[in-house]
Amino acid sequence: MKIFHSIKDFSSPKKTILTLGTFDGVHVGHKKILERIIQNTANKKYESLVLTFFPHPRMVLQEQSEIKLLNTIPEKINLLEKIGIENLVIHPFDETFSRLTAEEFVSTVLVDQFHIHKIIIGHDHRFGRNRTANIDDLINFGKQYGFEVEQISVQEINDLSVSSTKIRNALLEGNMNLANEYLGYDYFLTGTIFKGKQLGRTIGFPTANLKIEENYKLIPLNGVYIVKSTIDQKTVYGMMNIGFNPTVKGESLSIEIHYLDFDADLYDQKVTVSILKYLRPEEKFNSIDTLKKQLQKDKEATIAYIKGLK
């Protein structure tokens, strides 16, 4: 997949069939549109193109917005590449770009820069300054400028009943079953393992501490989860705690993974942690011994869950 970090950087000898949006999560609803793009470019006459934006428009246009995103940019790139998209444009979203009128966007971006043959979008797509233009306007522009418009029907989207907002809410409630069903994959965190206080090692539950660089990445509800990672091409299961470690008076949010049957040095390695199931809330225990007993119960529940997967 070719990646461009500005609309102006894009070039192709072929006309394009494209879609546009934030695509946060690249969830099952997004995939309906993306798979249609792939189908339309299967004959190689046209190239597939996704136009997305960063920062998220709400980060720029809503001063009080503290929106957290389901994917970091590298994660989104990886998901779109797996689907088979040929070209990805990640355009910097700013106030200047937001002030383009609908016709300016169509003529200068879609027509002049992307040489559009066809655009495929959802039924409720709005665009242009203040998001005033809708699908009917886009169809009229298509007639004017000579490109096709294909709309994913409201029925298809409603059948899925999915949105990035619903997924964010599910994750913040610890509802991994619903979040993963809507995503079409297990929600994951990507970060670097760093050396912590090593308290877990002293009680028989050594943990890998995960640092996520991107502060806009959504972290699910505090608590204990069953997780898995692929390390050295092997699937390794474990349990993860998100929280403040109140039993040992932790002062900042930490993400710690105790991998089962695994004892390799992961320091400074980048690891992806897929979250399978929410086990329980984070608790403050009266003693380290009580904490150890609970961790043993968590481990037994994790092992039982893994056996059920096989």
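Note: the structure precedes this text.
Residues numbered from 1 in each chain as written. Predicted model: local features only at pLDDT ≥ 70, side-chain atom pairs only at ≥ 80, totals over all residues. Heavy atoms only, no water.

(A) Up close: the environment of N222. Tracing the backbone through its elements, the reader meets N222 in the loop between β8 (208–211) and β9 (223–231). Its relative accessible area of 27% is what places N222 among the partly exposed residues. Considering only alpha carbons, one finds N222 and K143, 79 residues apart in sequence, at a separation of 51 Å. When sequence neighbours within four positions are dropped, the list of residues in contact with N222 reads I242, G243, F244, L253, Y278, P281 and E282. (Helix = DSSP H or I, 4+ residues; strand = E, 2+ residues; numbered from the N terminus. Buried < 20%, exposed > 50% of the residue type's maximum accessible area, 1.4 Å probe, protein only. Contact = heavy atoms within 4.5 Å.)

(B) Main features of the sheet that holds β8. Spatially, the six strands close up into a barrel ordered β7-β8-β11-β10-β9-β12, and their pairing is antiparallel. Direction aside, the axes of adjacent strands within the sheet are offset by 45° on average. Across five bridges, strand β7 (residues 188–194) lies against strand β12 (residues 270–280) in antiparallel orientation. Bridge pairing in β12 links F188 to S274. Where helix α11 (residues 288–309) meets the sheet, it contacts β9, β10 (234–243) and β12, and its direction lies at approximately 100° from that of β12. (Pairing = 2+ DSSP bridges. Axes fitted to C-alpha atoms, helices over the stretch in contact; angles between N-to-C directions.)

(C) How the structure looks around the packing of aromatic side chains. Applying the stated rule across the entire model yields 11 aromatic pairs. Measuring from ring centre to ring centre gives 5.5 Å for F53 and F97, while their planes differ by 50°; the resulting arrangement is tilted. With F53 in strand β3 (residues 47–54) and F97 in helix α4 (residues 95–98), this pair connects stretches of sequence that are 44 residues apart. For the pair formed by F53 and F97, the shared burial category is buried. Here the aromatic rings of Y259 and F262 are separated by 5.8 Å at their centres, their planes lie at 70°, and the arrangement is edge-to-face. Owing to a relative accessible area of 6%, Y259 belongs among the buried residues under this scheme. Feature note: the residues F53, F93, F97, F105 and F127 constitute an aromatic cluster, connected by ring pairs. Stacked on the ring of F188, the Lys or Arg K217 has its end atom at 5.4 Å from the ring centre. (Phe/Tyr/Trp six-rings, centres within 6.5 Å; stacked < 30°, edge-to-face > 60°. Lys NZ or Arg CZ within 6 Å of the ring centre and 35° of its normal.)

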